[in-house]
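Fold and contact review
The lines below spell out each chain.
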Amino acid sequence: NKLSYMKKLAILVGAIALTGSTFAQKATTDNPFSLEGQLGFDASTLSFNAPTLRFRYFVTDNIAARLTLGIDNSSETFNYYETENTNGGGSGTEVNKTSMFNVAIGGEYHFAGTDRLSPYAGLDILIGSGSSTNDWSNYDGTGYNADFTAAIANKTSMFGVNLVAGADYYFAENFYLGMELGLGFGATTVKEGTSDITTGGVTVSNVDNEEKYSGFGNNFIGNFRLGWRF
């Protein structure tokens, strides 16, 4: 009957209200810590970058300090052949290895949202360093070349300032998914490097000049995030 229906509706509304009050999601100074893993997306190459870790501490209910750590170690090997028929003739290889470490320190301001959704804007300052090596065997930079070898090494440093915007969505108590985008300035310095080139049994050592690059755009940040509040 109508009275029974109204009782059921009142119970349902009360249960939803109780759930909303006990399932408050956004971090506060009572539970100020969160740890998250990030997977960066490069829109220019449609590829994902190495994952990073971020630690956040809420100084107030809507202001958080953050520390992001990233490590990227990669290795690529390319093969080159003397003839198109790889079953005969000689072969050469190119092995490229990169090791990078970066750290970003910044802050976030969280706007009014809902118990589950917490939008924010912030600022990051990023510094990083790393190194790269290129080892060639029977390869001269253009293709197969018998008895040609090279060992090239460089060190790199970087600096960046980024404005960021994102949101946390709490799909379960203390767990959230997030998306973040950024816009900023980045500068990279490739320091003086060395190259040892051997051809015909003779080795020549060279020092490569330092090079600098800089740019402004959607650099460094474009992350999908999974976090845990504790």
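Check the entry above for the structure.
Residues numbered from 1 in each chain as written. Predicted model: local features only at pLDDT ≥ 70, side-chain atom pairs only at ≥ 80, totals over all residues. Heavy atoms only, no water.

Quick notes on the overall build of the chain
Counting its regular elements, the chain contains one helix and 12 strands. The order of α-helices and β-strands along the chain, N terminus first, is α-β-β-β-β-β-β-β-β-β-β-β-β. Here the chain, with 230 residues, has 29% of them falling under the buried criterion. Within the chain, residue pairs in contact and separated by at least 24 positions form 64% of the contacts whose partners lie at least 6 positions apart. (Helix = DSSP H or I, 4+ residues; strand = E, 2+ residues; numbered from the N terminus. Buried < 20%, exposed > 50% of the residue type's maximum accessible area, 1.4 Å probe, protein only. Contact = heavy atoms within 4.5 Å.)

Considering the packing of aromatic side chains
Evaluated as defined, the whole model comprises six aromatic pairs. Relative to Y139, the ring of W136 has its centre 5.2 Å away and its plane inclined at 75°; by these criteria the two rings are edge-to-face. Residue W136 is classed as buried on the basis of its relative accessible area of 18%. A centroid spacing of 5.1 Å and a plane angle of 55° characterise the contact between Y170 and Y176, whose relative ring orientation is tilted. We classify Y176 as buried; its relative accessible area is 0%. (Phe/Tyr/Trp six-rings, centres within 6.5 Å; stacked < 30°, edge-to-face > 60°.)

A short note on the pairing of strand β8 (residues 175-190)
Strand direction decides the pairing type here: strand β7 (residues 144-172) and β8, joined by 16 bridges, are antiparallel. When the sheet's bridge partners are listed, A167 is paired in β8 with M179. Between the end of β7 and the start of β8, which pair antiparallel, lie two residues, with N174 showing a positive phi angle near 75°. Taken together, the seven bridges between β8 and strand β11 (residues 211-217) define a ladder with antiparallel strand orientation. Bridge assignment links T188 to a residue of β11, and that residue is Y213. (Pairing = 2+ DSSP bridges.)

Observations regarding the side chain of E94
Positionally, E94 belongs in strand β5 (residues 91-110). For E94, which is buried and forms no salt bridge, the nearest opposite charge comes from K97, at a distance of 13 Å. Among the polar contacts listed, one links the side chain of E94 to the side chain of Y80, at a separation of 2.7 Å. Each residue touching E94, except ones within four places of it in the same chain, is listed here: E76, T77, F78, Y80, D135, W136 and Y139. (Lys, Arg positive; Asp, Glu negative; His and termini not counted. Salt bridge = Lys/Arg side-chain N within 4 Å of Asp/Glu carboxyl O. Polar contact = N/O pair within 3.5 Å; in protein donor to acceptor, adjacent residues only side chain to side chain.)

Quick look at the side chain of D124
By the secondary structure assignment, D124 is in strand β6 (residues 117-139). For D124, a relative accessible area of 2% translates into the label buried. In this structure the side chain of D124 is engaged in a polar contact, spanning 2.5 Å, whose partner is the side chain of R66.

Focus: the environment of A65
Following the sequence through the fold, A65 ends up in strand β4 (residues 63-81). According to the relative accessible area criterion, A65 is partly exposed, its value standing at 35%. Sequence spacing of A65 and F33 is 32 residues, and the spatial spacing of their C-alpha atoms is 9.9 Å. Ignoring any residue separated from it by four or fewer positions in sequence, one finds A65 in contact with F55, R56, Y57, V59, G106 and G107.

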